[in-house]
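Understanding the architecture of this molecule
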Amino acid sequence: MSNIQGKVVVITGASSGIGEASARLLASQGAHVVLGARRVDRLETLVAELNEAGQSAAFRAVDVTRRDDVQAFIDFAVERFGRVDVIVNNAGVMPLSKLEALKIEEWDRMIDVNIRGVLHGIAAGLPLMQRQRCGQFINIASIGAYTVSPTAAVYCATKFAVRAISEGLRQEVGGDVRVTVISPGVTESELAESISDAGGRAEMREFRKIAIPAEAIARAIAYAIDQPADVDVSELIVRPTASPF
Ligand SMILES: NC(=O)c1ccc[n+]([C@@H]2O[C@H](COP(=O)([O-])OP(=O)(O)OC[C@H]3O[C@@H](n4cnc5c(N)ncnc54)[C@H](OP(=O)(O)O)[C@@H]3O)[C@@H](O)[C@H]2O)c1
């Protein structure tokens, strides 16, 4: 039996891209998946499809920028399945632009979703995992957590922060709770649709031509969950073979 079978896995940002692909893969491997995002119509369709296929899934609307919402999401998972084994803090946005464009609301949104969203997931899940004396956080960073490029300063800053927070958490809670950072390179998803800046969009179109399927990242998530409890896969970078970045 795999170490995924029977685990309760909560995924934020499960309405598209990497979150959706992870939900599909983990449910097919026997996990109970609890899916959150704002577009509940998509979650409803996905959950119905998984349950009809004999798998185990539930959903709840969640806006990760709201702490109470994230707490209610985790509480819902516990009510539904009795525990939470893994929280995949995956929700993210990437409205790229040069700093001189002063798209300050977009900077705030990236900070709120990409950093605060992860912190809210930790705040909601950590006391529970400590009570359970086991659990795993899988925080989705990016290759932008390792290097910076023009138009991506704020996005990269948020992903550097995800790595810093994750490493701090890992050092503090090691023993019972595993902490994993998975950093995708360019991957097929809807992420680039949040770019409002024409320059940023054009650059991304070129950059995304070599994108790998979202399932490639889902497999990395499954690998990290599947390890025995005393093995913590702390960091993985998964990128297109053709990528120079
Ligand atoms: N694709 C790539 O090339 C790539 C590369 C590196 C890192 N990543 C990271 O991978 C993660 C997943 O992104 P993706 O590529 O799969 O893009 P995506 O298809 O755009 O998915 C992003 C998900 O985040 C959710 N989301 C956005 N704001 C939210 C909020 N306030 N509250 C709750 N959910 C929210 C979206 O759902 P709703 O809109 O329905 O709420 C959606 O399900 C992100 O953290 C991203 O930074 C992606």
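Use the structure listed above.
All of the points below concern the structure found in this document.

Calculation rules
Residues numbered from 1 in each chain as written. Predicted model: local features only at pLDDT ≥ 70, side-chain atom pairs only at ≥ 80, totals over all residues. Heavy atoms only, no water. Helix = DSSP H or I, 4+ residues; strand = E, 2+ residues; numbered from the N terminus. Rg over C-alpha atoms; globule rule 2.2 N^0.38 Å. Buried < 20%, exposed > 50% of the residue type's maximum accessible area, 1.4 Å probe, protein only. Contact = heavy atoms within 4.5 Å. Areas by Shrake-Rupley, 256 points an atom, 1.4 Å probe, with all protein chains shown as cover. Pairing = 2+ DSSP bridges. Right-handed = clockwise from strand over helix to strand, strands pointing away. Near = heavy atom within 4 Å. Polar contact = N/O pair within 3.5 Å; in protein donor to acceptor, adjacent residues only side chain to side chain. Nonpolar A, V, L, I, M, F, W, Y, C, P; charged D, E, K, R; others polar. Axes fitted to C-alpha atoms, helices over the stretch in contact; angles between N-to-C directions. Parallel < 35°, antiparallel > 145°, perpendicular 65-115°, else oblique. Left-handed = near helix turned anticlockwise from the far one by under 90°.

Looking only at helices and strands, the protein has 7 helices and 7 strands in total. Each helix and strand of the protein, placed in order from N terminus to C terminus, yields the pattern β-α-β-α-β-α-β-α-β-α-β-α-α-β. Taking 245 residues into account, the globule formula puts the C-alpha radius of gyration at 18 Å, and the protein, at 17 Å, falls close to it. Here the C-alpha coordinates of the protein stretch approximately 50 × 40 × 35 Å along the principal axes. Buried positions account for 52% of the 245 residues belonging to the protein. A separation of at least 24 residues holds for 71% of the contacts in the protein among residues at least 6 apart in sequence. Accessible area for the protein stands at about 11300 Å²; split by element, carbon and sulfur atoms hold 51% of it.

In terms of residue burial, strand β1 (residues 8–12) counts as a mostly covered element, since 5 of its 5 residues are buried. Burial of the side chains of β1 extends over both faces: V8, V10 and T12 are buried on one face and V9 and I11 on the other. Bridging between β1 and strand β2 (residues 32–37) involves 5 bridges; their strand directions are parallel. When the sheet's bridge partners are listed, V8 is paired in β2 with H32. You can see the chain leave β1, run along helix α1 (residues 17–28) and come back into β2, and the turn it takes is right-handed.

In the region of the ligand, 31 residues are neighbours, and I18, R38, R39, Y155 and S189 sit closest. Between the ligand and I18 there is a distance of 2.8 Å, counted from an oxygen atom to a backbone nitrogen or oxygen. In isolation the ligand has 880 Å² of accessible area, and contact with the protein removes 95% of it. Contributing elements (two or more residues each) for the shell around the ligand: α1 and α5 (153–173). Among the residues making up the shell around the ligand, the classes are represented as 14 nonpolar, 11 polar and 6 charged.

One open sheet accounts for 7 strands, arranged β3-β2-β1-β4-β5-β6-β7; its pairing is parallel. Unpaired on one side and paired on the other, β3 (56–61) and β7 (235–238) mark the two borders of the sheet. Direction aside, neighbouring strands of the sheet carry axes that sit 15 degrees apart on average. Sitting on the sheet, α1 touches β1, β2 and β6 (177–184), and the angle it makes with β1 is about 165 degrees. Most of the contacts of α5 go to β6, to which it runs at about 160 degrees, and overall it touches β5 (135–140), β6 and β7.

The subject of this paragraph is the pairing of β3. Two faces make up the sheet, and in a regular strand the side chains alternate between them. When β2 meets β3, the two strands line up parallel, connected through 6 bridges. Counterpart to L35 in the pairing with β3 is F59.

The interhelical angle for the contact between helix α3 (residues 67–81) and helix α4 (residues 104–132), taken along N-to-C directions, is 40 degrees, at an axis separation of 8 Å. Taken together, the axes of α3 and α4 lie oblique to each other. Considering how the two elements wind past one another, α3 and α4 form a crossing that is right-handed. Residues R67, V70, Q71, I74 and V78 of α3 form the contact with α4, whose own contacting residues are H120, G121, A123, A124 and L128. Of the residues contributing to the contact of α3 with α4, the split by class is 6 nonpolar, 3 polar and 1 charged.

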